[in-house]
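Descriptive analysis of the structure
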Amino acid sequence: MSIQRQRPPRKNPLQRTTAPLPPPARRSRAAQGLTRAAAQGQFALHTCQNCQTVSYPARDACPKCLSENLVVAAVQSGGTILSVTTIQISGEPYFRRLAPARQALIVLDCGPTIVAEVRPDCVSGMRVHASLHLDKAGQPVIYARPENGDANSDADPHWRELVADPLHRRCLITDGRNPVTLPLAKSLLAAGAAKVVIGVSERWKPFAVAAKLEALGAVELVDLDLADDQSVSALASDYGAKTDILLHTALHLRPGSLMSGAELLKARDAMEVSYFGALRLAHHFGPVMRSRGADRDNSAAAWVNLLSIFAHLSWPGFAAYSATQAASLSFSQALRAEMRGSGVRVLDVFTGPMEIDWLEHLPPPKVQPSAVANEIVAALKGGEEERWVGDVAKDFRERFAANPKEIERDLWQQ
Amino acid sequence: MTMNEPTSPIALMTAALASGKVRVVDLTQTLDPGGPTIVMPPELGQSWPVRIEPISRYDDSGPAWYWNNISFGEHTGTHLDAPIHWITGRYLAHNSVDTMPTSLMVAPACVIDCSAESAEDADFLVTVTFVEAWEAQHGRIPPGSWVLLRTDWSLKRGAAYANLDDTGAHTPGPDAELMRWLVEERDVLGVGTETIGTDAGQGGHLDPPYPAHHYLHGAGKYGLQCLARLDALPPQGALIIAAPLKIREGSGSPLRVIALVEH
């Protein structure tokens, strides 16, 4: 497992492109509690609030005390393998394609004995680390790897199904003028991305980081104006079928009051790049990415939407910007629904205020663009669907879930 | 004179166009979504660049027809500035494109070639002395003429055309004294340039700032910018047809500018 997987050979153009084939997707309502944990990269299982018994798979009542008061809570991820079974053939088309599969009975340290997919080097009696992921149908599954030794599971095709690793993949960053671009391109390349294509709008305007980006090597700067349908269409003509991970990073942030006459124009301009830009990308890049969700080892894998926490709650003084973020969050949800079954993961990355010139007046803490970049790549490598970057965002998530009115009033004071 | 020879001016012009004695030269840049536009600091209001969104293209949105929705600021591409565009012209009568007298939409042009100087110095400012030397060679600028500054700037593309750096745009244009002189001493109809504005790229640092806008529009005169192919025009003798869209209280308008030129 420690051998780094080589870059896949070029595609044979005479062969049919492998079509997406999702695994069985039916789950109970209770199981969706695990979906949230998997989406956020947590290992959490149903825990009885009455007797503390941890259960898996998801149940509506505690198997020990029959209490219905079950909460999905973070639990220890260690366990010991009881037995391993190799499944050579399956009646399920998805698993037939991936055969053989290895599944194990694992006694988790937190209590339950579970059935999970395991890495090929797992054997009976071995200590393992279990993690919760979303499969190609977007449903939660548990994967286990040896507790000691190499944490890199990349050589296992079953693992690759659960994540959207940038390794050997071609990435498109849609707003090169976002300050996150340089660290993001660096992080993607450090994770083994084959190429990073960076869309830059209005290239007749100076673009200060161009030289630094080009010095990174496998980077290509291209014309891309998200507000211009013809521009998006032209880029998709060349790169649509060569985009494995699309990172929509549009940033158009202008302060302003809802009641200001200038706000309408600002809102329109912001919507053009953020929300309508996303729609243009969906129109021109979406269909081909969806069709390439199972296109060998470097298939289309993910669509990342870089969003603000103010997608959830309007930020006083940034009414138009907040509206674009709320619209973009809605876009992301719609895209996830339309991408279902394709194997293309839609990842929302929420940040608090970033350390950028438009937000110079805000006191710390502000999230650094480099931190955003690193966490985007980490979320892709974990196959997540949602990541909150930085202390402000994490604090917002907890407080917004607990009492949205509390944080709304608190924002008024700032 | 025989019965077949035309005598009316329009008939003469028609015949001249048909025979090729008078050619029609297109002085217009294509409205292009990727084309450079005026740049303002980002906290200010922004002019929209050209956008072309298909309504249908022989597809499920309209099986047999192709058409687009288009949008752009009034001051996009080859366009005309009306007096109302600038604060100095805000109280004048007939100061918008919808009230511009149609008689002014056809006017003679004086083409002042400063392409060599502009190639040498992107911030070249045309002076009264420069234009007086031109007049000594080509004749006095008649009242009611367009004065067109030929810089060959329209041959440039993209970043070279906008020519922006950390201190703003660097493109040639008139100096302040020349603008006062053209308006007060020559009573021109307006000034036309091949660059993004009638003023030089650094015209905001002149006194008064943006002198072409200040003097032209304050006196009810017009501006034409983003013109092309001024190299195809003679120093004097071309007739310009420049008719803006009839936009209610419009401050300017993209337009097709053509020149009639004797061959």
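My aim in this report is to walk through the structure given alongside it, one point at a time. Throughout this document, residue positions are counted from 1 along each chain, in the order its sequence is written. Chain letters start at A and ligand numbers start at 1, both assigned in the order the entries are written. In keeping with the predicted nature of the model, local features appear solely for residues at pLDDT of at least 70, side-chain atom pairs appear and are counted solely at 80 or more, and the whole-chain, interface and lining totals rest on all residues.

**Description of unusual backbone geometry**
A:Pro365 follows A:Pro364 through a cis peptide bond whose omega is 5°. Structurally, A:Pro365 is set in the loop between β14 (345–351) and α10 (369–381). For the bond running from B:Asp207 to B:Pro208, omega is 0°, close enough to zero to count as cis. What counts as a helix is a DSSP run of H or I of at least four residues, what counts as a strand is a run of E of at least two, and both are numbered from the N terminus. On the secondary structure map, B:Pro208 appears in the loop between β11 (190–193) and α6 (211–218). One non-glycine residue, B:Cys226, adopts positive backbone phi at about 60°. Mapping B:Cys226 onto the fold places it in the loop between β12 (222–225) and β13 (236–242).

**With respect to the nonpolar core**
Ranked by size, the top nonpolar core spans 106 residues in total, and within it A:Ala144, A:Leu247, A:Val304 and A:Ile376 carry the most contacts. The biggest single contributor to this core is helix α8 (residues 275–291) of chain A, with seven residues. Under the definition applied here, buried Ala, Val, Leu, Ile, Met, Phe, Trp, Tyr and Cys residues are grouped into a nonpolar core through C-beta atoms within 7 Å. Counts of 20 or more other C-beta atoms within 10 Å of a residue's own C-beta define buried residues, counts of 12 or fewer define exposed ones, and intermediate counts define partly exposed ones; C-beta atoms are placed from the backbone. Among the nonpolar cores identified, the runner-up in size contains 51 residues, and B:Leu27, B:Val131, B:Leu148 and B:Leu227 belong to it.

**Things to note about the environment of A:Glu68**
Residue and element names in this part refer to chain A. When you line up the elements, Glu68 lands in the loop between β2 (54–55) and β3 (70–74). On a C-alpha basis, the gap between Glu68 and Asn50 in space is 8.9 Å, while along the polypeptide they are 18 residues apart. Residues within four places of Glu68 in sequence aside, it is in contact with Asp60 and Ala61. It is the C-beta atoms, placed from the backbone, that decide contacts: two residues are in contact if theirs lie within 7 Å.

**A few points about the packing of helix α5 (residues 176–184) of chain B against α6(B)**
Residue and element names in this part refer to chain B. Relative orientation of the contacting elements α5 and α6 amounts to 15°, with a least axis distance of 8 Å. When the interaxial angle is binned, α5 and α6 end up roughly parallel. Judged by the sense of rotation from one axis to the other, the crossing of α5 with α6 is right-handed. On α6, the residues that touch Ala176, Met179, Arg180 and Val183 of α5 are Pro211, Ala212, Tyr215 and Leu216. In terms of residue class, the contact of α5 with α6 is made up of seven nonpolar, no polar and one charged. Orientation is described by axes fitted as lines to C-alpha atoms, over the contacting stretch for helices, and by angles from 0 to 180 degrees between their N-to-C directions. By definition in this entry, angles of less than 35 degrees are roughly parallel, angles greater than 145 are roughly antiparallel, angles of 65 to 115 are roughly perpendicular, and the rest are oblique. By definition, turning the near helix anticlockwise from the far helix through less than a right angle yields a left-handed crossing, and turning it clockwise yields a right-handed one. Gly counts as polar in this scheme, as do all residues outside two lists: the nonpolar Ala, Val, Leu, Ile, Met, Phe, Trp, Tyr, Cys and Pro, and the charged Asp, Glu, Lys and Arg.

**Observations concerning the sheet that holds β13(B)**
All names here are of chain B. In this analysis, strands are considered paired if DSSP registers two or more bridges between them. If you trace the nine strands from one edge of the open sheet to the other, you get β1-β15-β13-β5-β7-β11-β12-β4-β14, paired in mixed fashion. Looking along the sheet, the strands with just one partner apiece sit at the ends: β1 (22–26) and β14 (252–254). Each neighbouring strand pair of the sheet contributes to a mean axis angle of 25°, computed without reference to strand direction. Both strand β4 (residues 79–81) and β14 contribute to a ladder of three bridges, which runs antiparallel. Of the residues in β14, the one forming a bridge with Asp81 is Gly252.

**Topic: the sheet that holds strand β4 (residues 78–87) of chain A**
Residues and elements named next belong to chain A. Taken in spatial order, the five strands of this closed barrel run β4-β5-β6-β8-β7, and their pairing is mixed. For this sheet, the mean inter-axis angle between neighbouring strands, taken without regard to orientation, is 50°. Sheet analysis places strand β5 (residues 101–108) next to strand β6 (residues 113–118), joined by five bridges and oriented antiparallel. Note that in β6 the partner of Ile106 across the bridge is Ile114.

**Details of the interface of chain A and chain B**
The interface of chain A with chain B comprises 13 residues on the first partner and 15 residues on the second. At three residues, the largest contribution of residues to the side of chain A that touches chain B is made by helix α6 (residues 229–239) of chain A. Residues that form the side of chain A that touches chain B fall into these classes: five nonpolar, two polar and six charged.

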